[in-house]
Amino acid sequence: MKVLQQKALYFTEGKSDKVYEVDLCESGSDLFVVNFRYGRRGANLREGTKTVFPVAYKEAIKIFNSLVTSKEKKGYSESGVIAQAIETNLEVNTNTARTETILKYLKAAIAGTYSRDWKVSRVILRAANLSITDAIPLIAHFIDSDDEFEGYASIYALSKFEDVSHIDSIYNVFNDVGFESKVGRIAASYILKFGKETYKEELNSALINVFPNEIKINLEYPDKFLNALVVYFLKDKDLDAAVLYYAYMFAYNKNDLRSNIYDFIEKLPVKVNTFKSIRYIYRASHILGDTKFFALISKKIGVSNVGYTANYLYINNQWSSIDVEKKKPNPSIAFSKKTKQYFNKNTYALVYELSKNNVDDYVNYAVELLTCLDDKLDNKTEEIQYNYSYDSVERQYITEKTYFPKYHDFLALMYVLYGSSSRLQRQNDKWFYTDVLEIEALPREEALPEIWNTKPNEVLYVLANAKSEEAVQFALRIIKDNSHFLENIPLEILTKLVSHYHPRVLNVILDVIKGMYVSTQPETSILLALISSKSEKGIELAFGWLKKYEADYFSEPDFVAKLVLSGTKRTIDYLKDLYSLDVIYDLPLTLLQIEPLFNKSTIYTSEYLVSVNELIGNTYFGKLLSEVSEERIKTLAESNSITNKLFAANLAKHNKTETYQLFKDTIDSYIDSEEASLRQVGIELLSLFPDAFLLKNHQKISGFCFSEYDEVREAIQPTVEKLIHLDNDFKINLFKALLKAVSNVETYEGLHQNCYTLLTGNYKRYLDSISQENIFKLILSKYEYAQKLGLPLFKAQVDLKTVSIKEIVLLADSDILEVREIIHQYFKENIDKINYELEDALLIFNSSWEDVINWSCEYFDENINTKNWTVNMLLYACDHTKRAVQAFGRKMITRHFTEDKGLPLLLKLQEHPTKDMQFFVTNYLDNYAKDNEIVILKLETFFKTSFYNINTNRATKTRIYTFLEQESIKNKTVAKMTVRLINSVLGTNTIKDRSHNIDVLLTILEKHPELDVPLLIKSN
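These figures come from a predicted structure and were not determined experimentally.

Parameters at a glance
Residues numbered from 1 in each chain as written. Predicted model: local features only at pLDDT ≥ 70, side-chain atom pairs only at ≥ 80, totals over all residues. Heavy atoms only, no water. Helix = DSSP H or I, 4+ residues; strand = E, 2+ residues; numbered from the N terminus. Buried < 20%, exposed > 50% of the residue type's maximum accessible area, 1.4 Å probe, protein only. Contact = heavy atoms within 4.5 Å. Areas by Shrake-Rupley, 256 points an atom, 1.4 Å probe, with all protein chains shown as cover. Salt bridge = Lys/Arg side-chain N within 4 Å of Asp/Glu carboxyl O. Arc of directions from axis to C-beta. Phe/Tyr/Trp six-rings, centres within 6.5 Å; stacked < 30°, edge-to-face > 60°. Lys NZ or Arg CZ within 6 Å of the ring centre and 35° of its normal. Disulfide = S-S within 2.5 Å. Patch = residues over 30% accessible without salt bridge, like charges linked within 9 Å, V, L, I, M, F, W, Y side chains within 5 Å. Lys, Arg positive; Asp, Glu negative; His and termini not counted. Charge placed at Lys NZ, Arg CZ, Asp CG, Glu CD. Axes fitted to C-alpha atoms, helices over the stretch in contact; angles between N-to-C directions. Parallel < 35°, antiparallel > 145°, perpendicular 65-115°, else oblique. Nonpolar A, V, L, I, M, F, W, Y, C, P; charged D, E, K, R; others polar. Core = buried A, V, L, I, M, F, W, Y, C linked by side-chain atoms within 4.5 Å.

**Q** I'd like a rundown of the overall build of the protein chain, residues and numbers included.
**A** Each helix and strand in the protein chain was counted, giving 59 helices and 10 strands. For the protein chain, buried positions account for 50% of its 1020 residues. A fraction of 63% describes how many contacts in the protein chain between residues 6 or more apart in sequence connect residues 24 or more apart. For the protein chain, the accessible area works out to roughly 50,900 Å², and carbon and sulfur atoms hold 48% of it.

**Q** Go over the pattern of salt bridges with me, naming the residues and quoting the values.
**A** Side chains that differ in sign of charge can pair as their charged atoms come close. Applying the stated criterion across every chain yields a total of 30 salt bridges. In this structure, the salt-bridge partner of Glu214 is Lys235, at a minimum N-O distance of 3.3 Å. Here the residue Glu214 occupies a position in helix 10 (residues 213–216), and Lys235 occupies one in the loop between helix 11 (222–233) and helix 12 (243–250), the gap between them amounting to 21 residues. Glu214 gets classed as partly exposed once you look at its relative accessible area, which sits at 36%.

**Q** If you had to explain helix 32 (residues 630–637) to someone new, which residues and values would you point to?
**A** Those residues of helix 32 that sit buried are Ile633, Leu636 and Ala637. The arc enclosing the buried residues of helix 32, seen along the axis, measures out at 105 degrees, which places them on a common side. Buried residues in helix 32 make contact with helix 33 (642–652), helix 34 (659–663) and helix 35 (667–671).

**Q** Explain the packing of aromatic side chains to me, using residue names and the numbers behind them.
**A** This structure, assessed with the given rule, holds 53 aromatic pairs. Seen from their ring centres, Tyr190 and Phe194 are 4.9 Å apart, and the 50 degrees between their planes marks the pair as tilted. In this pair, Tyr190 and Phe194 are both assigned in helix 8 (residues 182–194), four residues apart and thus about one turn of the helix distant. Side by side, Tyr190 and Phe194 carry an identical accessibility label, which is buried. Taken together, the ring pairs in this structure connect Phe174, Phe179, Phe211, Phe225, Tyr245, Tyr246, Phe250 and Tyr280 into an aromatic cluster. Above the ring of Tyr280, the side-chain terminus of Arg185 is found at 3.6 Å from the ring centroid. Here the guanidinium or amino end of Lys224 rests over the ring plane of Tyr221, the centre of that ring lying 5.1 Å away.

**Q** Tell me about the state of the cysteines, and name the residues and values.
**A** By the definition in use, this model includes zero disulfides. With no disulfide of its own, Cys705 lies 7.5 Å from the sulfur of Cys755, the closest cysteine sulfur.

**Q** So what's going on with a negative patch on the surface? Residues and values would help.
**A** A surface patch of like charges, here negative, comprises Asp144, Asp146, Asp147, Glu148 and Asp176. By the element assignment, Asp176 lies in helix 7 (residues 167–177).

**Q** Pulling in residues and values, what's your account of unusual backbone geometry?
**A** Residue Glu162 is not a glycine yet carries a positive backbone phi of 55 degrees. Although it is not a glycine, Phe335 adopts a positive phi angle of roughly 65 degrees. Locating Phe335 in the fold gives a position in the loop between helix 16 (322–326) and helix 17 (337–357). For Phe335, a relative accessible area of 2% gives the class buried.

**Q** So what's going on with the packing of helix 30 (residues 569–578) against helix 31 (residues 606–618)? Which residues, and what values?
**A** Relative orientation of the contacting elements helix 30 and helix 31 amounts to 10 degrees, with a least axis distance of 10 Å. Relative to helix 31, helix 30 is oriented roughly parallel. Where helix 30 approaches helix 31, its residues Lys569, Ile572, Asp573, Leu575 and Lys576 are matched on the opposing element by Tyr608, Ser611, Val612, Glu614 and Leu615. Partitioned by chemical class, the residues of the contact of helix 30 with helix 31 number five nonpolar, one polar and four charged.

**Q** Can you break down the nonpolar core residue by residue, with the values?
**A** Ranked by internal contacts, the top residues of the largest apolar core, which has 280 residues, are Phe554, Phe663, Phe827 and Phe860. With near-sequence residues (within four places) excluded, Phe827 lies in contact with Ile808, Val809, Ile834, Ala841, Ile844, Trp855, Tyr859 and Phe860. Within the second largest apolar cluster, 10 residues are counted, among which are Ile936, Leu939, Val974 and Leu981.

Below, the structure written as C-alpha cells:
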C-alpha cells in the first residue's frame, strides 16, 4: 500500500520514551487505511490497529492531520485510541460523497454492472453501519439473492434500519429455506422481531416441527423441557447440534423457559454439538436486540478454551484435515482459535459501534455482560509474562513483568472495563499493563465514564448482580466518584446488595442501611436478605431488628414461611427458641408456603432440612402445621426422600389425625430403615400410638431398649415410660433386664448410658428396692454407669455396721475412689473390731488399688496388737503376690518374731520363691537352725531351691554356704546332706558357686574323709 502521510509522536513516561508511528495509506479508489505502530524508542515497534475507511482523499488528509498534531489530546499513550479517534471523527464528518458512493455501488450491483473488488454484501453492510436510509429500497433487491451472503446482509441491514416494509419478502425467504441456511435463520430472527402475528405463529409451528420427539412432548412444561434438553445433549450420537438454537427461538417470548435456557447455556461447554447452536444464537440475539443472551453468548465465546488449534487432528484412529472434518454433517471438531478470534473481533466492533452511536444500547450490553461474568464458571486467571534485560551499568538482569488481566483476550469486555485507561495497552488481541496498583488505588478506566456517571440504577444493578471481581470493582469505582448513587437505592436492588457474596459490597451497603433504618423498621425483604447474607456483622444487625420489631414482622402474611425458607440454621435456631415453650405467634401456615423444602431439586442442604424437621417435631412450632391433610402426610411418608419421610413423621406429631392412623402401615419401614434419623423418628412415633398397640407389642418395645442403635435406645424411652404405667409385669421384667445390662459387659457402645438413663428416670422411685447384694455388685462393677448407679444407693442405703468384715474388705476393690475412702474411714473408726477380726481384715490386701494397699499397710502397722498376729497371718502377708505386702509381712515378722513363732515361721518361709524372702530367711538360720540337725534337714528344700536358682541373691547363697560349711563340720548327717545338695547342682552352678562348692567339699572331706565326696584329688 502507498503511504500518503506518516507521523511519529514521542512521549516521555518515567525513564522510558514511547513512540507511536501513524500512517495514512491508500488502499484503493476512495479507500484509505489508517495504520499505526507503537513501542519504546529505539526498539522494534509492534503493529497496532489497522482500520479501513471509504472517504474522499482530502477529507482523510484533513482529519489525519488534525488528530496527529493535537498533542494535548488525552489518551495518546494508549494503543488503539488514535485509530478509534480517527474513526469517530470520520463518522462525524461523513459527507454526501461517501453516501453517493455507496448508493452508486448498490445501483451498479442491481444493474449487474458492479465490478469492484469490494463484495456487494460488504457494501450493503457498510450502508447499514453508516445509517444510509436512502439505501433501503436498493438493499431490499438482495433479499432473495442467489448469493447467500448478499441475502444475509440485506436482511441484516433492513433489521438494523428497523424497516418492516419488506416483511412479506423476508417471510417468503424463510418459507423457502427454513432453518437450514444462514439466510433462513436471519429471516427467522427478523420475523420474530418484526413479523405479523400470523408469521410468528407459523414460525413457532416450524420450530416445533424441528424438535426431536423427546423434547417436543415437553414444550409446555419449562422444567420438564429443560430436563429433556439436558438429557438430549448427554447422548453420544444422533444429535442435532441446532436443537439449542431452536429452543432459544421457541422460548423468545416465554419468560420461564427463557430463564431456564439461559441457566442451561451459562453452564454449557463450548464444544462439538453445542457450538453450532451457540453461534446461531449469537447471530439471532444480535438481530433481535436480545442484549441479555447476546452478552451471555459473547462472553461464552470470549472466555472458553478453543476446541482445536492444529490443521490436522487425530480422529477415529487416523489423521484428518480440519477442513475435511468441518464439512461433515456431524464433525468431530468445533470452535477453533480463528473462530474465537473472529467472534471476539466482531463483538468488539459491534460494541464499539454502540458506544459511539447508541449509548443506551451500549450501556445495556455492558450491564448484561458484566453481570454474566462469573468467577466460578469462567475459571479465568490473570497471567504474568516475564521479560529479562541486562543492565550493563548495574551488571545485572532486570526483570520486567507484563500483566494480562483475567479476560485479557476478550476484546469487548476489555473495552468496557478499560476503554479510557491510560494504564492498559493492547498487544495484538490481548490487553496488558505493567503498573501494579492496589485495588483501592485503581483509577476509573471504563469506556464512556461520563455516561456511567448518569446511570445510577444500571451501576447499582451491576453491583447487586455481580458474580465476578471485575464487575464488583467496576461498579464500586464508579460509586466512589458518585456517592449520591447510594442515596435512593431501589428496594429490589437494595435487597440483593445486602445479601451479596462480596465482602467489599457488604461493607459499603451495611454502612448505608444503618443510616437508612435508624428509627424505622426495615422492609421484610431487607431483613431476610441480611439474615441470609455472608456477613456476620449484617446477620447480627438483622437479628437485632428482628427482635426489636418481632411482633410487627410476625404479623405479616407469609413471614414465618419466609424465615423457614431462609436457608440459614441460625434462623431455625431462633424459631426453636421462640416456640420452645408455647405457640407464641399463632399464624396460619401451610405446606404449600414451604413447598420448596419438599422438592427433589431443593437448594437446601440435608443438615438444614433436618434442623427444620427438629423445629416442627420438637417444638410448638409444629402446631402451626396441625391442619396438614392425612393424604399429604402419607404421601411424604411413602417418598423416597429421607428428609420428606422425616417431615411426614414430625408433622404427624402435632396433626389433628391420630398418629396411628397416619403411620400404621409405614411405621415398620421407619423402624427397620438403614437411616438413623428415620429409625429414631419411627421409634418416637410409637409413644403416640394407642395403649392397646403398645401392650400387644411390649416385648418388641422392651427389645428396643437394648438395640444396637443409640438413637433407637434414646427414642424408645418415652414409650417405655408409658408402658411402665400400663403394665406392672413389663415394669418389673424390664427393671431386672436393665440392672443386668448395666452391670455386664456393654454389647453396644452407649447401651450402659441408655440403661442408666431409663433406671434413673423412669425407675427412680423403684431404685430403693435394689438389694444390698446388687448394690455391692454395682459398685464393684468395672463399668462406669453401673458405678454411677450404685454409689448413691450405697451411700444412702448401706450401713457398714451391719456388714461383715469379709464383705467390707471386698468393697475396697471398687473402682470408685469415694467407696474406698469410706472403707478407709470405717477401718479408722473401728480399730477394736479390726483387731478382733484381723484375719478377715487382712483380706483387704487383695484390693487391686495401690492407695488401699498403702493405707492398709500403714493402718495394720500402727493399730494391730502384737498378740493378735498369728503365724498364719504373718505368713499370709509374706506369701502375698504384691511386693508391698510381702515387705510389710517381713516387717511384721521382724517386729513380732517370738520364740514360739520362730521355728514355724522359718519352716514355712523356706518355701517362699522370691529372692527377698529367701534372703530374709537366712537371717534366722543361726537363731533357729544352728546345731539342730532335725531343723537343718527340714530346710533341705530351701537350700536346694536357693542353689538351683541362678537369680538368687548372692548374699543369700553366701550365707547358706557359710552356714552349711559350719554345720557340716559339726554333724556328719548334715555333711551328707550338704554333699548330696552340692552333687545335685554341680552342673548348673556359676563359676563363683563352683568355687564355694569346692571349698565346702574340701572342708567336709578333711573333717569326714570316709564320706564319698565328688572331688578327684590328684597327688603331686
